[in-house]
Amino acid sequence: MVALFQSQENIVGEVVIEPIQGKKVEHNGVKIELLGQIELYFDRGNFYDFTSLVRELDVPGELYERKTYPFEFSTVEMPYESYNGVNVRLRYILKVTISRNYVSNIVEYQDFVVRNYTPPPSINNSIKMEVGIEDCLHIEFEYSKSKYHLKDVIIGKIYFLLVRIKLKNMELEIRRRESTGSGPNTYVETETLAKFELMDGAPVRGESIPIRLFLSPYELTPTYRNINNKFCVKYYLNLVLVDEEDRRYFKQQEITVYRLLET
Amino acid sequence: MMLNGAEDEEKWLAEGIAGIQHNAFYMHRALDSNNLREALKYSAQMLSELRTSKLSPHKYYDLYMRAFDELRKLEIFFKDEGKHGVSVVDLYELVQHAGNILPRLYLLCTVGSVYIKSKEAPAKEVLKDLVEMCRGVQHPLRGLFLRSYLAQVSRDKLPDIGSEYEGDADTVMDAVEFVLQNFTEMNKLWVRMQHQGPGRLREKREKERNELRDLVGKNLHVLSQIEGVDLEMYKETVLPRVLEQVVNCKDDLSQYYLMDCIIQVFPDEYHLQTLETLLGACPQLQPTVDIKTVLSRLMDRLSNYAASSADVLPEFLQVEAFAKLSNAIGKVIEAQVDMPAVGAITLYVSLLTFTLRVHPDRLDYVDLVLGACVKKLSSIPKLDDSRATKQVVALLSAPLEKYNDIVTALTLSNYPRVMDHLDNGTNKVMAMVIIQSIMKNNTCISTVDKVEVLFELIKGLIKDTDGADVDELDEEDFKDEQNAVARLIHMLYNNEPEEMLKIICTVRKHTMAGGPKRLPFTVPSLVFSALRLIRQLQGQEGDIVGEEVPATPKKIFQLLNQIIEDLSNVPSPELALRLSLQCAEAANDCDLEHVAYEFFTQAFVLYEEEIADSKAQVTAIHLIIGTLQRMNVFGVENRDTLTHKATGYSARLLKKPDQCRAVYACSHLFWVDDQDGIKDGERVLLCLKRALRIANAAQQMANVARGSSGPVTLFVEILNKYLYFFEKGNQQITGAAIQGLIELINTEKQNDSATPDSASDAFLASTMRYIQFQRQKGGIMGEKFESIKL
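Every chain is numbered on its own, with residues counted from 1 as its sequence reads. As a convention, the first chain written is A and the first ligand written is 1, with the rest following in written order. For this predicted model, a pLDDT threshold of at least 70 governs which residues receive local features, and a threshold of 80 or more governs which side-chain atom pairs are given and counted, while totals over whole chains, interfaces and linings are taken from all residues. The side-chain figures draw on all heavy atoms in the structure; neither hydrogens nor water molecules are used.

The name recorded for chain B in an unreviewed UniProt entry is Vacuolar protein sorting-associated protein 35, from Theobroma cacao. UniProt positions are given in the numbering used here, feature names are shortened, and annotations may be inferred rather than shown by experiment. Its UniProt record gives chain B the following Function (unreviewed entry) comment, quoted word for word: "Plays a role in vesicular protein sorting." According to the UniProt record, the Sequence similarities (unreviewed entry) comment for chain B is "Belongs to the VPS35 family."

Within an unreviewed UniProt entry, the label attached to chain A reads Vacuolar protein sorting 26A isoform 3, and the organism entered is Theobroma cacao. One UniProt comment on chain A, placed under Subunit (unreviewed entry), says "Component of the retromer complex which consists of VPS29 (MAG1), VPS26 (VPS26A or VPS26B), VPS35 (VPS35A or VPS35B or VPS35C), VPS5/17 (SNX1 or SNX2A or SNX2B). Component of a retromer subcomplex consisting of VPS29 (MAG1), VPS26 (VPS26A or VPS26B), VPS35 (VPS35A or VPS35B or VPS35C)." In its Sequence similarities (unreviewed entry) section, the UniProt entry covering chain A states "Belongs to the VPS26 family."

Here we take up a negative patch on the surface. Taken together, the side chains of Asp474(B), Glu475(B), Glu476(B), Asp477(B) and Asp480(B) define an acidic patch exposed on the protein surface. Assignment of secondary structure puts Glu476(B) in helix H27 (residues 475-491). Patches here: salt-bridge-free residues with over 30% relative accessible area, like charges joined within 9 Å, nonpolar side chains (Val, Leu, Ile, Met, Phe, Trp, Tyr) joined within 5 Å. Areas reported here follow the Shrake-Rupley algorithm with a probe of radius 1.4 Å; residue values treat only the protein chains shown as occluding. Whenever Lys or Arg places a side-chain nitrogen within 4 Å of a carboxyl oxygen from Asp or Glu, that contact is recorded as a salt bridge. When charges are counted, neither His nor the chain ends are considered; positive counts come from Lys and Arg and negative counts from Asp and Glu. A single reference atom marks each charge: NZ on Lys, CZ on Arg, CG on Asp, CD on Glu. Secondary structure counts use DSSP, requiring at least four H or I residues in a row for a helix and at least two E residues in a row for a strand, with both numbered from the N terminus.

A few words on the confidence of the model for chain B. Residue-level confidence of the predictor is summarised by pLDDT, bounded by 0 at the bottom and 100 at the top. Per-chain confidence: chain B averages 85 in pLDDT, with 94% of residues scoring 70 or above. With pTM at 0.73, the complex prediction returns an ipTM value of 0.91.

Residue and element names in this part refer to chain A. Among the surface-exposed residues, Leu4, Tyr117 and Leu261 lie close enough to one another that they form a single nonpolar patch of about 250 Å² accessible area. Take Leu261: it is sitting in the segment after strand E20 (248-258). Looking at Leu261, the relative accessible area reads 37%, which means it is partly exposed. When a residue's accessible area, from a 1.4 Å probe over protein chains only, is under 20% of the maximum for its type it is buried; when over 50% it is exposed; and in between it is partly exposed.

Residue and element names in this part refer to chain A. Pairing between two strands is assigned when DSSP locates at least 2 bridges connecting them. Here 4 strands make up an open sheet; going across it, the order is E11-E12-E14-E17 and the pairing antiparallel. With one partner strand each, in any of the chains shown, strand E11 (127-133) and strand E17 (208-214) form the two edges of the open sheet. Across the sheet, the mean angle separating the axes of adjacent strands is 20° when strand polarity is ignored. When strand E12 (residues 137-143) meets strand E14 (residues 153-163), the two strands line up antiparallel, connected through 7 bridges. Here the axes come from fitting lines to C-alpha atoms, over the contacting stretch only for helices, and the angles between their N-to-C directions go from 0 to 180 degrees.

In what follows, residue pairs with any heavy atoms lying within 4.5 Å of each other are defined as contacts. Contacts between the two partners involve 19 residues from chain A, matched on the other side by 22 residues from chain B. Accessible area that two parts lose when put together, with a 1.4 Å probe and added across both, is what the buried area reports. Surface buried jointly by chain A and chain B totals about 1700 Å² across both partners, of which 46% is contributed by carbon and sulfur atoms. On the chain A side of the contact with chain B, Glu197(A), Asp200(A) and Arg212(A) bury the most area, a combined 36% of that side's loss. In this structure, the connection of chain A to chain B is made through 5 salt bridges. For the salt bridge of Asp200(A) with Arg142(B), the shortest nitrogen-to-oxygen distance reads 2.6 Å. Within 3.5 Å is the distance limit for a polar contact, defined as a pair of N or O atoms, with the added protein rule that one can donate a hydrogen and the other accept it, and that residues adjacent in sequence qualify only through two side-chain atoms. Linking chain A to chain B there are 13 residue pairs in polar contact (both at pLDDT 80 or more).

Two residues of an α-helix separated by three or four positions point the same way, owing to the 3.6 residues in each turn. Multiplying 1.5 Å by the helix residue count minus one yields the expected span of that helix. Between its terminal C-alpha atoms helix H8 (residues 140-154) of chain B stretches 21 Å, which fits the 21 Å expected from 15 residues at 1.5 Å a residue. Of all 15 residues making up H8(B), 14 are buried, and the element is well covered by its neighbours.

A few words now on helix H35 (residues 656-666) of chain B. Residues and elements named next belong to chain B. With 8 of its 11 residues buried, H35 lies for the most part within the structure. Within H35, burial applies to Asp658, Gln659, Cys660, Ala662, Val663, Tyr664, Ala665 and Cys666. Where H35 is buried, its residues meet helix H33 (614-630), helix H34 (636-651), helix H36 (681-706) and helix H37 (713-728).

What follows is the structure, encoded as structure tokens:
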């Protein structure tokens, strides 16, 4: 279990240091840091700290017995959410360091999770589009919104304007596209999180097929547009039509996912 | 590999069933342990078996039923929130997480049913959602079964009037809307089925498709069961919507089935009140649809309805059912150009049946139907389709059966016009039907006009039709037909002599055109019919004296004379002779000496000129003698002339035995055993003696020709004549003469050359016994016979 915070929260706590019975600890000072790190797996060892706050807890001296240091980071700016992706990890850590001479410092870490909530968007247009292959297949599809919160439902419909191929079925996929790095060193990783069958069999011209996909069963995160110039995570709805020869016809549309501020 | 389709299918079905059973087992375990998550998982897997495309409808149904049973258990579990701890609203969402659409929708329908029962949401909302979501399954077979499942689970949950699910205002409409939508979608899927798979299997596919029709039709049944569907709603919503789908689907199998379904499931009263709409759809159906059966069934239902109670008849009149039906049939026939004649005629038969049952009093309607049929028939070449012909016969027979009375049919102006369109053979069959109907019902045709029409109807029997191949006629059939006509003539009867005479003239006019083969059959009837009139007039004579009566026996006799003359020209001299004699007898009874004489003359002329065959001559001469014997109208002179002729011809017959017999028969011409009959004993004796001479001559001729004399039969016969006249008191016949004859016979018998003959021996023996008997009887007769010495 890890603690959960959101941006602008006060992170308050205490650090307890208890030397082993009958021994003293000599130190050059005790400090606690709050770090926001981005870790890129293909660039192992390199952490980018986008946030780094420090509180000095003690001046150099000696510890003989258990001592408690209260600490507080007030209204900490934590713009990014914790994220654990394929190629990248974004984490928040509290790091306590007891600095010592000659011997190595004593360091302890404590992870915590940050989630940031957004209010419902003021503009949320539907996605509506007509696509097709000439003289073969023409469809019009509509998703009622372009922005969805994590427990949202995708409502929509597909309208068949022209069907000259023998379709077998139709699915809606939710795909996550995580891209890390920049320039020539960009790594893109796409995962299909959901495969949801919308239609079974071959429709005829004029049919309209309903879409209702609940997002709650899938492990989505909000869309991350540009996290500290290091990575971004985007979501797509991919409409796939499969014909009897297993040829796939698809159309991908980006949607924005956000974490709804519960009111 | 298309090795063995059926075997493969069995295998696939077995696999499917195994899959269902396997997953159902785990589902049951989950249900028992109240594990919702597992229950959903295994039920979805179980339902995935229904995703197969490999099974024929029949086998798929098997699979479906197994899944269906399992879903009932799942539904019971869903109902019990205490077991799984999830509210039905959440459950409704939860099942929609399933990735495959088919299991998802089966589960959704199952939960939906629980949802409605829980009343946590208005039934109409849930139903609307379900029927809408089911659009996702576009595969015809799978879609049909899914929607059929939906229909099944929702049946008892429709927000009908009086149902516990009835919500606020107008929820019946929602129920109807729901069923209509499901119906429409199911029909679309069903229609689409025909386009699945390769073309060469089309026939098999259509057969399979037909097996599924009740899944679609069930919706109509549900609609008809909805309490809230009253006439108003049926008229305004249900019927137009259903028909719209029927017409638009453009599929003959579906259209035929659904039209029939509509007719069968909804009440008669509704049909009657919406006839126009229902019938309006008919011309819009595909040309291959068997509309005639559909309409026939409709008319059957309506006529049964009309028959059920007299109270409903005003409704029929009010909605002008006949006009609408008639109109619709006209339009259908017009629209379906390719409809074979048999179809059109079948429609008219149905309409006619309807008319006869609903409006038995409206002969004009019947005639209208026939008229429409004539119109149709005249637009096509002569019928050569046996089924069509059969229908025409049915069309024509229906009024006969209904009214049991040909007279009614005779007033239908279009009746004969329909008959004109039959081929010769069928025309005759129909004519026979008409005649049989008359016979069966003992119908009397009593006016000239009707007789005219009747003969027009049966003209196929009366005369040769143009182009009829005479060789093809079956002799037996022909005889039957003509006998029937002959019988028919007796049914044409009016008590009023004047009218009756006219009838006879009409019949004569028609029958005389019949040609040589028919006259021998028809003329006797005609003649006797006329003779009957004569006797009738004779009976009334006293009453009508002094008036100018057109129908006098004399006049009729003139007519008869001509008729017989015509017959003799055919030629059919023997028959003409017999009829002449009949007429002569009738004239005798009317005291018309000249007429009778005329007829006798005719008979003799026929005998002399036309009857050459010796056997026929024998018969004819006996007939003449017999008739003449009974005549009492003749004066001495005429009688002498005629008897002289008769005896003369008798003696001139070819064979001696025939001569002999005719001559002794002539003896009766001189001895009529009446009070004032002629009794000329001398001439009787002369005849008998002559007969004896001839008999002798015959014996001798036989001796010469064959070396043995014939039997003594002739002598015995003459002996009998002697005895007769002896008994009747003819003084010329004496006991001695008889005695002499008996001796002669015995001598003949003992003659060496006599041929023993048991028949003549027996004849003689019984004659002798008779004499003995008379002797022993005593009294005057006994004494008389005593004079014969044996």
